[in-house]
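Chains, contacts and geometry: an overview
This is what each chain is made of:
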Amino acid sequence: MSLFKVFDIAGSGMSAQSLRLNTVASNLANLNSASGNPDEVYRARAPIFEAILEGMGGKENAGVRVVDVVESQAELARVYDPGNPQANDEGYVFQTNVNLGAEMVNMISASRGYQNNTEILSTTRDLMLRTLNLGN
């Protein structure tokens, strides 16, 4: 595997963490959404990633790719609030299943993953530059 593949691998990792951060942001933006119909309420979303390690005809490919973005199957909160304009005929409002604590953990983890990939790129670049300067 070429040393230049490190840039491709770290780049795919940064793209994956960027998608993860965007998904967390979307979940947090919909933290207080509610509806009288459980099918219309925003459900927390999470990306599913897959590691890539392929070698085909002398070409090697490695990194991370997004397989899917799935909705959480966690139960929705059902709150009795007959005064709410979104309440159903029985007076219940269904609230999103977004968990603030879990989303904050995901945000910190994705941010650190992105930061680690930028460090990998920076370190690799520095090592390559030092290698080129060995003859001086």
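Quick note: structure is the one above.
Within any chain, residue numbers begin from 1 and follow the written order of that chain's sequence. It should be noted that, the model being predicted, local features are given only for residues of pLDDT at least 70 and side-chain atom pairs only at 80 or more, the latter also being counted only at that level, while totals for whole chains, interfaces and linings use all residues. The basis for every side-chain value is the complete set of heavy atoms in the structure, and neither hydrogens nor water enter the calculation.

Moving on, we get to the pairing of strand S5 (residues 92-95). Two strands form a pair only when DSSP identifies at least two bridges running between them. Per the convention used, a helix needs a DSSP run of H or I reaching at least four residues, while a strand needs a run of E reaching at least two, with both numbered from the N terminus. Pairing of strand S1 (residues 34-35) with S5, which is carried by two bridges, proceeds in the antiparallel orientation. Among the inter-strand pairings, Ser-35 is bridged to a residue of S5, identified as Phe-94. Sheet analysis places strand S4 (residues 77-80) next to S5, joined by four bridges and oriented antiparallel. Bridging across to S5, Val-79 finds its partner in Val-93.

Along the polypeptide, Pro-85 turns up in the loop between S4 and S5. Burial classification: accessible surface area is computed with a 1.4 Å probe over protein chains only, and a residue below 20% of its type maximum counts as buried, one above 50% as exposed, and the rest as partly exposed. By relative accessible area, Pro-85 is classed as exposed at 81%. Between the C-alpha atoms of Pro-85 and Leu-129, which are 44 residues apart in sequence, the distance is 64 Å.

Turning next to helix H1 (residues 5-29). Expected span, for any helix, means 1.5 Å times one less than how many residues it has. Taking 1.5 Å of rise per residue, the 25 residues of H1 would be expected to cover 36 Å, and the 36 Å separating its terminal C-alpha atoms lies within 8% of that figure. Regarding H1, the residues found buried are Ala-10, Ser-12, Gly-13, Met-14, Ala-16, Gln-17, Arg-20, Thr-23, Val-24 and Asn-27.

Between Lys or Arg on one side and Asp or Glu on the other, a salt bridge is scored when a side-chain nitrogen of the former is within 4 Å of a carboxyl oxygen of the latter. Taken as a whole and judged by the stated rule, the model has three salt bridges. Across the salt bridge formed by Glu-71 and Arg-45, the nearest N and O atoms sit 3.2 Å from each other. Of this pair, Glu-71 sits in strand S3 (residues 59-71) while Arg-45 sits in strand S2 (residues 45-56), and the two are 26 residues apart along the sequence. For Glu-71, a relative accessible area of 38% gives the class partly exposed. Judged by its relative accessible area of 29%, Arg-45 falls in the partly exposed class. Between Arg-125 and Asp-126 there is a salt bridge, and its shortest N-O distance comes to 3.3 Å.

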